[in-house]
Structures are given as structure tokens and as C-alpha cells.
Amino acid sequence: MSTEIDWPGGKKVAALITVALELWSPGHGPAYAPMAAAWPLSGVDDTHSASWVDYGVTTGIWRLLNILGDLPATVGINGLVAERYPDTVAAVHQAGHEIAGHSWTQDVVPALLDVDTERDNIRRCTDIVQTVTGVRPTGWMSPRATGSKRTCDLLTEAGYRWTGDHNDHDLPQVLPTAHGPLVSLMHSDHSDVRSAAAGPYAYRDLHHALLGQLRAAPGPGVFHLTVHAHVGGRPLLAGMVTQILDHLRASDDIWVATHAQVAEHVLTHQGVTP
């Protein structure tokens, strides 16, 4: 369904801040970890990459929570994070941020699962987030934003209201599914994992330029800032994130909102009921 929309208060841009709090299954890890390319031993755990990822839950998320202050973010959390670090996940919730489902681990990619396994993956993640926070998540982001052809139907079957797996529009779209409407919120093209390879200052300047373009355009627009706690939660990149957030705070034509807030606004504006 095509979406024409205005943001609350006549704001020109809606800003979505996404924080990814992630873990991999034992024996798995991110291919982009600093030492991953130098680890040729198949079947042997890459303990350095595992430790590098753990930084997100031990250190990075706390720095990002401090930086965010009163700005609301949507934090995509793997089920394993909630299982191993329930106090951390509870702290994210208590700080006022939205928690979204993000698969059980980063190596559990929905596109690779059969329908029963994918349904169970959604259920496990949903249940543990609700157990830890007392709130059932309403949004979902698949690892590498790669859902299956069934994911949208399975999400609405489980009561979800939005997905962050699509990149085919600038503005939110309302998708029809077998179990009701689902709001599609575009995934960021410029996360810290990809764009920071050009350097932390280039990462900051890219986002400043993007925000300037959106504010200069007729509008409405959506600005995305995606930060991984194990990458952008480290001191130098976190400093760049701070400057981007300060830019958002200083702009009176920007609505900083969670994904859930934008999704509900879109559904209400479109007159869509689940």
C-alpha cells in the first residue's frame, strides 16, 4: 500500500535511531571482526572474534545508553542476549527504549529456515523479551535484514506491527499479510559496520550530509542512524554518534521517534486497523 504521510507537529523529518545488541551462536562470529579474516582454522573457535562481539553487551551498550540520554531508540536484541544478559536488556527497557526482536542469534537468518523453525525462532525471541521486560515486542529486524518469503506473514501471526527488513522505499509502507497489516520501515544504508570503514569522521560527515539533504528537501523524510553496540559503542565511533545526536537535538524540524511510534502513526494516518 502506497503511503502518503505527514509527521506529527508538522515536522519535516522523522529520525529513527537503531541500536543493535547482538551475539552469535557458539562457534560462529561476524566475518567483519578485526581478526576474522586471519583465522583459517575451520572447526576451531575464533575466541578473539567472540570476545570482540561481547564488548557490545559488557561495555558498548552502556556507553550508548549514556549518549542517548532522553532520545528514544529502538534496540534490536537477539534472544540469546536476553537469555545471557537479562539485567542489561531490562536496563535498556527501563531507560525508555523500544526493544525489537532480532532473531535468536545473528547466525540464525530467517531466509535459511523452514517455516516451522522460523515460526519457533520468532516465538522464542518474543517470549524471552516479554519475560525479561514485561512487554511483548511489536517490531522485528532479521539478521542482515534478510527475512524469508514467509517472514511478514509469520510476524503478523505472532502479533507484530512492523518490520525493518525492507529497502525498497524512502517512506514507510503498509504491507498486506495473511494476518493483517504490517508496517515496513526501511533499513539503513549507512550502518557503522559498513560506512565506518571509511573512518569515523567520514561516518559522522555522511550522516550530517544526509540529514542536511532531508531537511532541505520538500519532505516528509526519514533519517536512519544505525549503531551496533560492539562497533559504534567503542570510544571513537561513539564520539561521532554523540555529534550526530547533538545535531538531531538542535534541529526543531525533526521528530525523533521509535520504530513503534512511527509504525503506529502510519497505521493511524492510513486509517488501518489490525
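Residues numbered from 1 in each chain as written. Predicted model: local features only at pLDDT ≥ 70, side-chain atom pairs only at ≥ 80, totals over all residues. Heavy atoms only, no water.

Student: Which residues make up the overall build of the protein chain, and what are the values?
Tutor: Scanning the protein chain from terminus to terminus reveals nine helices and nine strands. A compact globule built from 274 residues would reach a C-alpha radius of gyration of about 19 Å, and the protein chain, at 18 Å, matches this within 12%. Seen through its principal axes, the protein chain has C-alpha atoms that stretch 55 × 45 × 30 Å. A total of 274 residues make up the protein chain; the buried ones form 55% of that total. (Helix = DSSP H or I, 4+ residues; strand = E, 2+ residues; numbered from the N terminus. Rg over C-alpha atoms; globule rule 2.2 N^0.38 Å. Buried < 20%, exposed > 50% of the residue type's maximum accessible area, 1.4 Å probe, protein only.)

Student: Can you lay out the packing of aromatic side chains for me, pointing to particular residues and giving the numbers?
Tutor: Under the counting rule described, the total for this entry stands at two aromatic pairs. Ring centres of Trp7 and Trp255 lie 5.8 Å apart, and the angle between their planes is 45°; this geometry places the pair in the tilted category. Taken together, the residues span a long stretch of sequence, with Trp7 in the segment before β1 (13-21) and Trp255 in strand β9 (residues 254-257) at a distance of 248 residues. Residue classification places Trp255 among the buried positions, given a relative accessible area of 17%. Centroid distance Trp140 to Tyr160: 6.0 Å. Interplanar angle 85°. Geometry classified as edge-to-face. Here Tyr160 lies in the loop between α5 (151-157) and β5 (162-163) and Trp140 lies in strand β4 (residues 139-140), a separation of 20 residues in the sequence. We note that Trp140, like Tyr160, is buried. Positioned above the aromatic ring of Trp104, the side-chain terminus of Arg124 is 3.7 Å from the ring centre. (Phe/Tyr/Trp six-rings, centres within 6.5 Å; stacked < 30°, edge-to-face > 60°. Lys NZ or Arg CZ within 6 Å of the ring centre and 35° of its normal.)

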